[in-house]
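The residues making up each chain are set out below.
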Amino acid sequence: MAEAQELLNKTEFTGKATNELVKAVFTGDRRMKDIQINEEVVDPDDIETLQDIIIAAVNEAIKRVEDTSSEEMAKITGSLSGFPGMF
């Protein structure tokens with residue numbers, strides 16, 4: 001189980017928003033590794049839209065981490081369900 005968690009922590013997950021104008025990259029341990037903002041989305045008169053797009057990209061990346069973590073844990077715990085007294 002520790003080996004699977006370590007592998008997951010090293011895996012990168014990318015969240016993209018609004019035609020990939022913003023990309024947020026997280027590792028499996030939920031740490032942001034990179035954020036890329038396309039210059040065409042930067043409008044000094046409309047900062048709120050940029051903020052919304054960044055939030056969407058970050059949330060998508062975190063959801064990918066959580067979904068993959070859940071899938072990996074289900075694989076591990078599913079293999080333990082055949083043992084008496086376990087799950």
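Structural data are supplied above this passage.
Now for a description of the structure that goes with this document. (Residues numbered from 1 in each chain as written. Predicted model: local features only at pLDDT ≥ 70, side-chain atom pairs only at ≥ 80, totals over all residues. Heavy atoms only, no water.)

1. Examining the environment of valine 41
For step 1, the next point in the chain: Mapping valine 41 onto the fold places it in the loop between β3 (32–37) and α2 (47–80).
For step 2, the next point in the chain: For valine 41, a relative accessible area of 11% corresponds to the buried category.
For step 3, the next point in the chain: Setting aside residues no more than four positions away along its own chain, valine 41 makes contact with Leu21, Val22, Leu50 and Ile53. (Helix = DSSP H or I, 4+ residues; strand = E, 2+ residues; numbered from the N terminus. Buried < 20%, exposed > 50% of the residue type's maximum accessible area, 1.4 Å probe, protein only. Contact = heavy atoms within 4.5 Å.)

2. Here's the deal with a nonpolar patch on the surface
For step 1, the next point in the chain: Taken together, the side chains of Met32, Ile35, Ile37 and Val42 present a nonpolar region at the surface, about 310 Å² in accessible area.
For step 2, the next point in the chain: Inspection of the secondary structure assignment puts isoleucine 35 in strand β3.
For step 3, the next point in the chain: Among the residues examined, isoleucine 35 registers a relative accessible area of 32% and is labelled partly exposed. (Patch = residues over 30% accessible without salt bridge, like charges linked within 9 Å, V, L, I, M, F, W, Y side chains within 5 Å. Areas by Shrake-Rupley, 256 points an atom, 1.4 Å probe, with all protein chains shown as cover. Salt bridge = Lys/Arg side-chain N within 4 Å of Asp/Glu carboxyl O.)

3. Thoughts on the sheet that holds β3
For step 1, the next point in the chain: In spatial order, the strands read β1-β2-β3; together these three strands make up an open sheet with antiparallel pairing. The open sheet has two edge strands, β1 (12–17) and β3, and neither has a second partner. Recorded for the sheet is a direction-independent mean angle of 15° between the axes of neighbouring strands.
For step 2, the next point in the chain: Here β1 pairs with strand β2 (residues 22–27) via six bridges, running antiparallel. Bridging across to β2, lysine 16 finds its partner in lysine 23. (Pairing = 2+ DSSP bridges. Axes fitted to C-alpha atoms, helices over the stretch in contact; angles between N-to-C directions.)

4. Observations regarding empty space enclosed by the protein
For step 1, the next point in the chain: Tallying each qualifying case throughout the model produces one cavity of 30 Å³ or more.
For step 2, the next point in the chain: By volume, the largest cavity amounts to about 50 Å³.
For step 3, the next point in the chain: The wall of the largest cavity is formed by Met1, Ala4, Gln5, Leu8, Ser69, Glu72, Met73 and Ile76.
For step 4, the next point in the chain: For the lining of the largest cavity, the elements supplying multiple residues, two or more each, are α1 (2–10) and α2.
For step 5, the next point in the chain: Within the lining of the largest cavity, the residues separate by chemical class into five nonpolar, two polar and one charged. (1 Å grid on protein atoms, 1.4 Å probe; cavity = no way out; pocket = protein on both sides within 12 Å on 5 of 7 lines; lining within 4 Å. Points joined across faces, edges and corners; volume = space filled by probe spheres on them. Nonpolar A, V, L, I, M, F, W, Y, C, P; charged D, E, K, R; others polar.)

5. Quick word on the pattern of salt bridges
For step 1, the next point in the chain: The tally for this structure, following the rule as stated, stands at eight salt bridges.
For step 2, the next point in the chain: For lysine 23, the salt bridge goes to glutamate 20, with nearest N and O atoms at 3.5 Å.
For step 3, the next point in the chain: A salt bridge links glutamate 72 to lysine 75; the shortest N-O distance between them is 3.2 Å. Placement of the pair is glutamate 72 and lysine 75 together in helix α2, with a separation of three residues, close to one helical turn.

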